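Read off the chains here:
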Amino acid sequence: MNSLPENSVDLIFADPPYNLQLKGELHRPDNSRVDAVDDAWDQFASFQAYDRFTQEWLTAARRILKPNGAIWVIGSYHNIFRVGAALQNAGYWILNDVVWRKSNPMPNFRGKRLTNAHETMIWASKEEASKYTFNYEALKALNEGIQMRSDWVLPICTGHERLKDENGDKAHPTQKPESLLHRVMVASTNPGDVVLDPFFGTGTTGAVAKKLGREFIGIEREEAYREVAEKRIAKVRKFDRESLAVTTSKRAEPRVPFGQLVERGMLQPGEVLTSPRGKTAKVRADGTLVAQDVRGSIHQVGAALEGAPSCNGWTYWCFKRDGKAVPIDLLRQQIRAEMSERPN
């Protein structure tokens, strides 16, 4: 990370070593051995050593984040609280903690503790004033129109998604499901953004980023993992441009003045607009309306006719075409579609 340019990355997704502190092998009730995380990369001499490691990589990560960039860090109860404190000490601003509740967790074979059925992700911006990306409407659409909560129920990586090595064993002991990364990237990036994963493993972040039209940088120390990641990502194909589009907030859409509809001849001066309750108003050449003794914008005239404090004129007024009432908002959406097709 220290070799990358300052302020060059839009988002970081980090799945650092958890420092599980295993004291011996784990066995199932039938005495078969559990393929747990006992690799050298997850072993630290002390909590102090782990804290130094965490501080170093978080400092390097913050330097390369753009001013409005953000970071996601995932962990278990073994490390996430220490990482959370280190994030705040390093100057990040915590936005949410998200509980990934596993729909199919591994059982607790010893029967001495609760089943570890979740992991925690911390979402933080580079600093408190950062204008980070959050595609609220897109997440709401993913959740059948309901506001997305901070507890996500998703399965762990199993079956066809689980990568295997040449011996048929797990290529990586903590491979994350693509569904988790999909939600993170849809939530907090846009097509073309640069996503960095400093603990790349077998490349889940890169595979999802490539599919979703994001650029990515992966850093991985272990050669065996890098080889698996390279082969995996080479097979991935980017979704087409139309498929990459997500639902956006109305406020994020480009502003279209009502007068532009008149200027472009989509509506003519003198044309009559109607409301759902039969109220009428005439269009004037300057993009205002006149109705009875009321003059003003589409919003002002609609509010006056209804005796209401406010009115969304775009959804209130309709024009007639071929004998049918058509919302004027349809014309606004037509202009917006044309604007989105223009090259940057």
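The shown structure was predicted, so the numbers you read here are calculated from the model rather than taken from an experiment.

What counts, and at which threshold
- As a convention, each chain's residues are numbered from 1 in the sequence order in which they are written.
- Totals for whole chains, interfaces and linings use all residues, but because this is a predicted model, local features are given only for residues with pLDDT of at least 70 and pairs of side-chain atoms are given and counted only at 80 or more.
- Working from all heavy atoms in the structure, the side-chain values ignore hydrogens and water.
- Working definition of a nonpolar core: buried Ala, Val, Leu, Ile, Met, Phe, Trp, Tyr and Cys residues. They are joined through side-chain atoms within 4.5 Å.
- Relative accessibility under 20% of the residue-type maximum defines a buried residue, over 50% an exposed one, and the middle range a partly exposed one, all with a 1.4 Å probe and only protein chains included.
- Secondary structure follows DSSP: runs of H or I at least 4 residues long count as helices, runs of E at least 2 residues long count as strands, and numbering of each begins at the N terminus.
- Note on contacts: a residue pair is in contact if any heavy atoms of the two residues lie within 4.5 Å.
- Each helix should span, by expectation, one fewer than its residue count multiplied by 1.5 Å.
- The reported arc concerns the directions from the helix axis to the C-beta atoms and nothing else.
- For the purposes of this description, domain bounds are those given by an automatic or database domain assignment.
- A pair of strands counts as paired when DSSP detects no fewer than two bridges linking them.
- Here an axis means a line fitted to C-alpha atoms, over the contact stretch when the element is a helix, while the angle between two N-to-C directions is reported on a 0 to 180 degree scale.
- Residues enter patches when their relative accessible area tops 30% and they take part in no salt bridge; the joining distance is 9 Å for like charges and 5 Å for the nonpolar side chains Val, Leu, Ile, Met, Phe, Trp and Tyr.
- Methods summary: accessible areas were calculated by the Shrake-Rupley approach with a probe of 1.4 Å, and residue burial reflects only the protein chains presented.
- Whenever a carboxyl oxygen of Asp or Glu lies within 4 Å of a side-chain nitrogen of Lys or Arg, that contact is scored as a salt bridge.
- Positive: Lys, Arg. Negative: Asp, Glu. His and the chain ends are not part of the count.
- Here the site of a charge means NZ on Lys, CZ on Arg, CG on Asp, or CD on Glu.
- Between the rings of Phe, Tyr and Trp (Trp by its six-membered ring), a pair exists once the centres lie within 6.5 Å; its type follows the angle of the planes, with under 30 degrees stacked, over 60 edge-to-face, and the other angles tilted.

J.: I keep staring at the nonpolar core and nothing clicks. Help me out?
T.: The tendency in soluble globular proteins is for nonpolar side chains to be buried as a group. One finds Trp 72, Met 121, Trp 152 and Leu 180 to be the most contacted residues of the largest nonpolar core, which totals 27 residues. For this core, the element with the most residues is helix α4 (residues 178-188), which contributes six residues. Trp 152 has contacts with Trp 72, Val 98, Val 99, Trp 100, Arg 101, Met 121, Leu 180, Arg 183 and Val 184, leaving out every residue within four places of it along the chain.

J.: Just checking my understanding: could you explain helix α1 (residues 47-64) for this structure?
T.: An α-helical segment advances 3.6 residues per turn. Residues three or four places apart therefore align on the same side. Over its 18 residues, α1 runs 26 Å from end to end, which matches the ideal 26 Å to within 8%, given 1.5 Å per residue. Looking at α1, one finds that the buried residues are Ala 49, Tyr 50, Thr 54, Trp 57, Leu 58, Ala 60, Ala 61 and Ile 64. Along α1, the residues classed as buried sweep out an arc of 160° about the axis, all on the same side. The exposed residues of α1 that point more than 90 degrees off its buried face are Arg 52, Gln 55 and Glu 56. Next to the buried residues of α1 lie β1 (9-14), β2 (65-75), α2 (80-89) and β6 (194-197).

J.: How do you make sense of the domain arrangement of the chain when you look at a structure like this?
T.: The accessible area lost on association of the parts is a frequent measure of interface size. Domain annotation for the chain reports domain 1 (9-244) and domain 2 (258-341). Domain 1 and domain 2 are separated by 49 Å when their C-alpha centres are compared.

J.: Where do I start with unusual backbone geometry in this structure?
T.: When glycine is set aside, most residues are seen to have a negative phi, and most peptide bonds are trans. You will see that Asn 7, though not glycine, has its phi angle at about 55°, which is positive. Following the sequence through the fold, Asn 7 ends up in the segment before β1. Although it is not a glycine, Glu 144 adopts a positive phi angle of roughly 55°.

J.: Just checking my understanding: could you explain the sheet that holds strand β7 (residues 215-218) for this structure?
T.: Strand-to-strand pairing in sheets goes through backbone hydrogen bonds, with the strands running parallel or antiparallel. Reading across from one edge, β5-β3-β4-β2-β1-β6-β7 is the order of the seven strands in this open sheet, with mixed pairing throughout. Sheet topology places β5 (151-154) and β7 at the edges, where each strand pairs with a single neighbour. Neighbouring strand axes in the sheet, compared pairwise and without regard to direction, differ in orientation by 20° on average. Pairing between β1 and β2: five bridges, direction parallel.

J.: Just checking my understanding: could you explain a negative patch on the surface for this structure?
T.: Together, Asp 165, Glu 166, Asp 169, Glu 223, Glu 227 and Glu 230 make up a negatively charged patch on the protein surface. Along the polypeptide, Glu 230 turns up in helix α6 (residues 223-234).

J.: Looking at this model, I keep getting lost on the pattern of salt bridges. Mind explaining?
T.: Where charged atoms from two side chains of opposite charge approach closely, those side chains can pair. Per the stated rule, a full pass over the model turns up 13 salt bridges. Taking the shortest distance from any N to any O, the salt bridge between Glu 127 and Arg 62 comes out at 3.8 Å. One end of the pair, Glu 127, is in the loop between β4 (118-125) and α3 (136-142); the other, Arg 62, is in helix α1, and 65 residues separate them in sequence. One salt bridge in this structure joins Lys 211 and Glu 178, with 2.7 Å as the shortest N-O distance. Of this pair, Lys 211 sits in helix α5 (residues 204-211) while Glu 178 sits in helix α4, and the two are 33 residues apart along the sequence. On the accessibility criterion, Glu 178 (19% relative accessible area) is buried. Linked by salt bridges that have partners in common, Glu 178, Lys 211 and Arg 232 make up one network.

J.: I would appreciate a short explanation of the packing of aromatic side chains in the present structure.
T.: Centre distance and the angle of the planes are the two values used to describe a pair of aromatic rings. With the rule as written, the count across this model stands at 13 aromatic pairs. Ring plane angle 10° and centroid distance 5.9 Å describe the contact between Phe 200 and Phe 216, whose orientation is recorded as stacked. In this pair, Phe 200 sits in the loop between β6 and α5 while Phe 216 sits in strand β7, placing the two residues 16 residues apart along the sequence. For Phe 216, a relative accessible area of 28% puts it in the partly exposed group. Between Tyr 316 and Trp 317, the aromatic rings sit 4.8 Å apart at their centres with planes inclined by 85°, giving edge-to-face as the arrangement. Each member of the pair, Tyr 316 as well as Trp 317, carries the same accessibility label: buried.

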